[in-house]
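If you want the building blocks of each chain, they are given just below.
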Number of protein chains: 2
Amino acid sequence: MSQITVTYPQGFYPIYIGRNIYATLRETLADKSYVVISDSNVAPLYAAQFSDALAHITFPAGEQHKNLQTVNDLYSQVLAAGLDRTGTIVALGGGVTGDMAGFVAATYMRGVNLVQCPTSLLSMVDSSVGGKVGVDLPEGKNLVGAFKQPVMVLVDLETLHTLPADEFASGMAEVVKHGVLDNPELFAWIEQNGHELAPAHPFMEALVTDAIEVKRATVQDDPFELHGKRALLNLGHTFGHAIEQVSGYAVKHGFGVAMGMVVAARISAELNHSDSTLPTRIENTLNKVGLPTRIPAHLDVDEIIAAMGSDKKKMHGKLRYILPRELGECFISADVPTQLIKQTLADLSM
Amino acid sequence: MSQITVTYPQGFYPIYIGRNIYATLRETLADKSYVVISDSNVAPLYAAQFSDALAHITFPAGEQHKNLQTVNDLYSQVLAAGLDRTGTIVALGGGVTGDMAGFVAATYMRGVNLVQCPTSLLSMVDSSVGGKVGVDLPEGKNLVGAFKQPVMVLVDLETLHTLPADEFASGMAEVVKHGVLDNPELFAWIEQNGHELAPAHPFMEALVTDAIEVKRATVQDDPFELHGKRALLNLGHTFGHAIEQVSGYAVKHGFGVAMGMVVAARISAELNHSDSTLPTRIENTLNKVGLPTRIPAHLDVDEIIAAMGSDKKKMHGKLRYILPRELGECFISADVPTQLIKQTLADLSM
């Protein structure tokens, strides 16, 4: 089992990464009361491992249920379970569960303890670390949310065995992203060996730990996203979110991020901010772990650009773009011509 | 104009108390964009003073609209107004507006700046200070919420001229409460002169400032309500909330708090924690400012006791009661026999 400690201005929390580690919760929480929130896919698989919970609360799986109506239902069920303000909410599942159960934990009775148990690769290496929780509005993703630090994160790699292959690939997009951002060795390992990766691979614990470590280092000094540094984590996301949105979320998050990273890399090379070989290396590495790097042709380029305008990562009304300079170094630019974005999206459309 | 500065672990904010002071907002915010949220009663009276807002957003007045559906509507309107995450939400109104617009500010795009402009006496001396924001669930009041510190509070006493008389009295319940909690001189002044109080009274600025100062001193070292001290502010509230709830909120908050303070004072005297004259002094002082101290006979005592059980101020499943020991000193007790509560409620019922 590996451990990473995340510190933030008011405290710290441990992330445990290993196999069959949920018993850690009972050892740590001792007699504290808790409820488990998970979706209809994950609950039948893993909720039973939390046998002493006050209640197992389940909501219908899928991003389309990450809305305020579901949150409303969760509040009522948590209340009915008798959880008081000294209690704990365990978010057991992927990013949707972590975001939504995390938002409930941030706001139920003005905040109760949160334990994140991510069961998808994406949520393990990304959303369960850093304290961002959120809910979608009809107008866009994560437009409502909070910063809610967990008291503990339990990353059980065994849960990856039940993760669909495309969800595993989707998570790898964030692992690759973290390599591009801050760990060239991690990127190089995937570039070489990405095709062998699978949940049982002996390198999974190290790979997940390395990827989490990039996120930890990035969020640690910027827990409320006040500086530029944390914004770098949005590499590929401004484009990716827009692609996801225009597809009606038929394009998975990681797939959108993969496409978005390629857009960013091509733009960076085109503007001479990076070596011209970088886009190809990133594309090949993404393909090696089963990720698409072309934008489905039926998605309208102008609609994608319009969707970017509603992104909440605007600062003073202006969109900022994260571009790679080289492996391990990215930067923020507000100066990307819309025409170049349009051309790049069109080139990648097929 | 008076000023109080509230400090909390991550910063501080000023409270300005005076007459015709909303221009302070424009001077302070300078070119920052903001929206004003107020209810259908307050908007026509005062929203025009914020002429450079991105939008004036109005919701239907009344506690029955302090729910997640209204919050949902507010999110959409704030988004439509184009407020980005560097913007500010101005909560212009009473407690419902401060709670709900404050919750929107705490959660819209994971939090934007909040300026509280309380227009009722109750919200001036209580809810606008301390950072508690919240929304009701069908199951009870403020069961959802956050701790959201404002960047500034503007208390314009001129707004009290349009406050209905019973709302003014309702606010005085919290002023009296703050006297009982921590300012015997404030209490004594009201005991002597309470009948002359009115919005134009020259002592209003001092009275409101003194009452806010009690709240500031209490919340300052306990911003997240982790210690007992802040819980003292709930004097009269466990009983009062239950009375309000059973009345279907026909009993105003301050009226419920007034009744609840009398219940608490009588229980304290009955258990020999306080002098036997204290309940009468508190009752007389509350009556002097036009507050009721008897519980409407049609409210069922057993229902009131049952409603107390759903109060979120439970700790480890046990209800705690705030009792006055003497003027300026209250304490927390978990040891109050239910039979005594029942008897006291019955005695006051008429």
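Residues numbered from 1 in each chain as written. Chains lettered and ligands numbered in written order. Predicted model: local features only at pLDDT ≥ 70, side-chain atom pairs only at ≥ 80, totals over all residues. Heavy atoms only, no water.

**Some points on the interface of chain B and chain A**
Here's step 1: With 32 residues of chain B at the contact, the number on the chain A side is 32 residues.
Here's step 2: Taken together, both faces of the contact between chain B and chain A bury some 3,000 Å²; the carbon and sulfur share is 58%.
Here's step 3: The interface formed by chain B and chain A holds zero salt bridges in total.
Here's step 4: Seen at the junction of chain B and chain A, the total is eight residue pairs in polar contact (both at pLDDT 80 or more).
Here's step 5: Going through the elements one at a time, helix 3 (68–80), helix 4 (95–107), strand 7 (132–137) and strand 8 (140–147) of chain B are the ones with two or more residues in the side of chain B that touches chain A. (Contact = heavy atoms within 4.5 Å. Buried area = accessible area lost by both parts, 1.4 Å probe. Salt bridge = Lys/Arg side-chain N within 4 Å of Asp/Glu carboxyl O. Polar contact = N/O pair within 3.5 Å; in protein donor to acceptor, adjacent residues only side chain to side chain. Helix = DSSP H or I, 4+ residues; strand = E, 2+ residues; numbered from the N terminus.)

**Looking at the side chain of Ser 247 of chain B**
Here's step 1: By the secondary structure assignment, Ser 247 of chain B is in the loop between helix 10 (237–246) and helix 11 (253–270).
Here's step 2: Within the local environment of Ser 247 of chain B, its side chain forms a polar contact with the backbone oxygen of Glu 244 of chain B, the two atoms lying 2.7 Å apart.

**Digging into the domain arrangement of chain A**
Residues and elements named next belong to chain A.
Here's step 1: Annotation of chain A at the domain level lists domain 1 (2–162) and domain 2 (165–347).
Here's step 2: One C-alpha centre belongs to domain 1, the other to domain 2, and the line joining them spans 25 Å.
Here's step 3: Taken together, the contact pairs 31 residues of domain 1 with 33 residues of domain 2.
Here's step 4: Across the domain 1 to domain 2 interface the summed buried area is about 2,800 Å²; carbon plus sulfur atoms make up 65%.
Here's step 5: Among the residues of domain 1 in contact with domain 2, Leu 121, Val 125 and Lys 141 are the three that bury the most area, contributing 22% of the side total.
Here's step 6: Scanning the region where domain 1 abuts domain 2 turns up two salt bridges.
Here's step 7: Here Asp 126 ties to Lys 215 by a salt bridge, and the two come within 2.8 Å at their closest N and O atoms.
Here's step 8: Linking domain 1 to domain 2 there are seven residue pairs in polar contact (both at pLDDT 80 or more).
Here's step 9: Residue assignment for the side of domain 1 that touches domain 2 shows that the elements contributing at least two residues are strand 1 (2–8), strand 2 (11–18), helix 5 (121–127) and strand 8 (140–147).
Here's step 10: In terms of residue class, the side of domain 1 that touches domain 2 is made up of 16 nonpolar, 10 polar and five charged. (Domains from an automatic or database assignment. Nonpolar A, V, L, I, M, F, W, Y, C, P; charged D, E, K, R; others polar.)

**Thoughts on the relation of the copies chain B and chain A**
Here's step 1: Taken as rigid bodies, chain B and chain A are interconverted by a rotation of 180° and an axial shift of 0.0 Å, the fit giving an RMSD of 0.0 Å. The superposition operator between the copies reduces to a two-fold rotation axis. Rotation axis and chain B: the residue whose C-alpha lies nearest the axis is Leu 68 of chain B, separated from it by 4.0 Å.
Here's step 2: The fraction of interface residues of chain B whose copies in chain A are also interface residues reaches 100%, indicating that both copies meet through the same surface. (Least-squares fit on C-alpha atoms with pLDDT ≥ 70 in both.)

**Re the packing of helix 7 (residues 184–193) of chain A against helix 8 (residues 204–220) of chain A**
Residues and elements named next belong to chain A.
Here's step 1: Two numbers describe how helix 7 lies on helix 8: the axes approach to 10 Å, and their chain directions differ by 140°. Relative to helix 8, the element helix 7 is oriented oblique. Every pair of crossing elements has a handedness; the one defined by helix 7 and helix 8 is left-handed. Contacts between helix 7 and helix 8 involve Leu 186, Trp 189 and Ile 190 from the first element and Leu 207, Asp 210 and Ala 211 from the second. (Axes fitted to C-alpha atoms, helices over the stretch in contact; angles between N-to-C directions. Parallel < 35°, antiparallel > 145°, perpendicular 65-115°, else oblique. Left-handed = near helix turned anticlockwise from the far one by under 90°.)

**Considering the environment of Leu 286 of chain B**
All names here are of chain B.
Here's step 1: Relative to the assigned elements, Leu 286 resides in helix 12 (residues 278–288).
Here's step 2: Its relative accessible area of 0% is what places Leu 286 among the buried residues.
Here's step 3: For the pair Leu 286 and Val 125, spaced 161 residues apart in the sequence, the C-alpha separation amounts to 16 Å.
Here's step 4: The contact partners of Leu 286, leaving out residues within four places of it in the chain, are Val 176, Ala 258, Met 261, Val 262, Leu 291 and Thr 293. (Buried < 20%, exposed > 50% of the residue type's maximum accessible area, 1.4 Å probe, protein only.)

**Quick notes on helix 14 (residues 338–348) of chain B**
Residue and element names in this part refer to chain B.
Here's step 1: Buried within helix 14 we find Leu 340, Ile 341, Thr 344, Leu 345 and Leu 348. With its buried residues spanning 130° around the axis, helix 14 presents them on a single face.
Here's step 2: The elements touched by buried residues of helix 14 are helix 10, helix 11, helix 13 (301–308) and strand 10 (321–326). (Arc of directions from axis to C-beta.)

**Concerning the packing of aromatic side chains**
Here's step 1: In total, this model carries eight aromatic pairs over all chains according to the counting rule given.
Here's step 2: Ring geometry for Tyr 22 of chain A and Phe 50 of chain A: centres 5.0 Å apart, planes at 40°, overall tilted. Here Tyr 22 of chain A, found in the loop between strand 2 and helix 1 (23–29), pairs with Phe 50 of chain A, found in the loop between helix 2 (43–46) and strand 4 (55–59); they are 28 residues apart in sequence, far enough to count as distant. Both residues of the pair, Tyr 22 of chain A and Phe 50 of chain A, count as buried.
Here's step 3: For the cation-ring pair, Arg 325 of chain B lies above Phe 331 of chain B, with the distance from its terminal atom to the ring centre recorded as 4.1 Å. (Phe/Tyr/Trp six-rings, centres within 6.5 Å; stacked < 30°, edge-to-face > 60°. Lys NZ or Arg CZ within 6 Å of the ring centre and 35° of its normal.)

**Here we look at the nonpolar core**
Here's step 1: Ile 15 and Val 208 of chain B are the most contacted members of the largest nonpolar core, which totals 77 residues.
Here's step 2: Here the element with the most residues in this core is helix 11 of chain B; it accounts for 10 residues.
Here's step 3: Residues lining this core come from more than one domain, with at least three contributed by each of domain 1 (2–162) and domain 2 (165–347) of chain B.
Here's step 4: Ignoring any residue separated from it by four or fewer positions in sequence, one finds Val 208 of chain B in contact with Ile 17, Leu 121, Met 124, Val 125, Val 155 and Leu 157 of chain B.
Here's step 5: Core analysis: the second largest hydrophobic core is formed by 76 residues, Leu 207, Ala 258, Met 259 and Ile 305 of chain A among them. (Core = buried A, V, L, I, M, F, W, Y, C linked by side-chain atoms within 4.5 Å.)

**Concerning the pattern of salt bridges**
Residues and elements named next belong to chain A.
Here's step 1: Per the counting criterion, the structure on display carries 34 salt bridges over all chains.
Here's step 2: As a salt-bridge pair, Arg 216 and Glu 213 come within 2.6 Å of each other at their nearest N and O atoms. Here Arg 216 and its partner Glu 213 are both found in helix 8, three residues apart, which amounts to about one turn of the helix.
Here's step 3: Given a relative accessible area of 15%, Arg 216 falls into the buried group.
Here's step 4: Accessibility expressed as a relative area gives 31% for Glu 213, which makes it partly exposed.
Here's step 5: Residues Asp 302 and Lys 342 are paired through a salt bridge, measuring 3.1 Å at the closest nitrogen-oxygen approach.

**A word on unusual backbone geometry**
Here's step 1: Non-glycine residue Asn 272 of chain A carries a positive phi angle of around 65°.
Here's step 2: In this fold, Asn 272 of chain A is placed in the loop between helix 11 (253–270) and helix 12 (278–288).
Here's step 3: For Asn 20 of chain B, which is not glycine, the phi torsion reads 55° and is therefore positive.
Here's step 4: Note on placement: Asn 20 of chain B falls in the loop between strand 2 (11–18) and helix 1 (23–29).
Here's step 5: Asn 20 of chain B sits in the exposed class, given a relative accessible area of 59%.

**Digging into the sheet that holds strand 6 (residues 113–118) of chain A**
All names here are of chain A.
Here's step 1: The seven strands are arranged 1-2-9-6-5-3-4 in an open sheet whose pairing can be described as mixed. If you trace the sheet from one side to the other, it starts and ends with strand 1 and strand 4, each paired once. When strand polarity is set aside, the average angle formed by the axes of neighbouring strands in this sheet is 20°.
Here's step 2: In the packing of helix 4 (residues 95–107) onto the sheet, contacts are made with strand 3 (34–39), strand 4, strand 5 (88–93) and strand 6, and the angle to strand 5 comes to roughly 170°.
Here's step 3: Where helix 8 meets the sheet, it contacts strand 1, strand 2 and strand 9 (152–156), and its direction lies at approximately 10° from that of strand 1. (Pairing = 2+ DSSP bridges.)

**Points about the sheet that holds strand 5 (residues 88–93) of chain B**
Residues and elements named next belong to chain B.
Here's step 1: Pairing is mixed across the open sheet formed by seven strands, whose spatial order is 1-2-9-6-5-3-4. Two strands in the sheet have a free side with no partner beyond their single neighbour: strand 1 (2–8) and strand 4 (55–59). Strand-to-strand, the axes of this sheet are offset by a mean angle of 20°, without reference to chain direction.
Here's step 2: For strand 6 (residues 113–118) and strand 9 (residues 152–156), the ladder comprises two bridges, and the chain directions are parallel.

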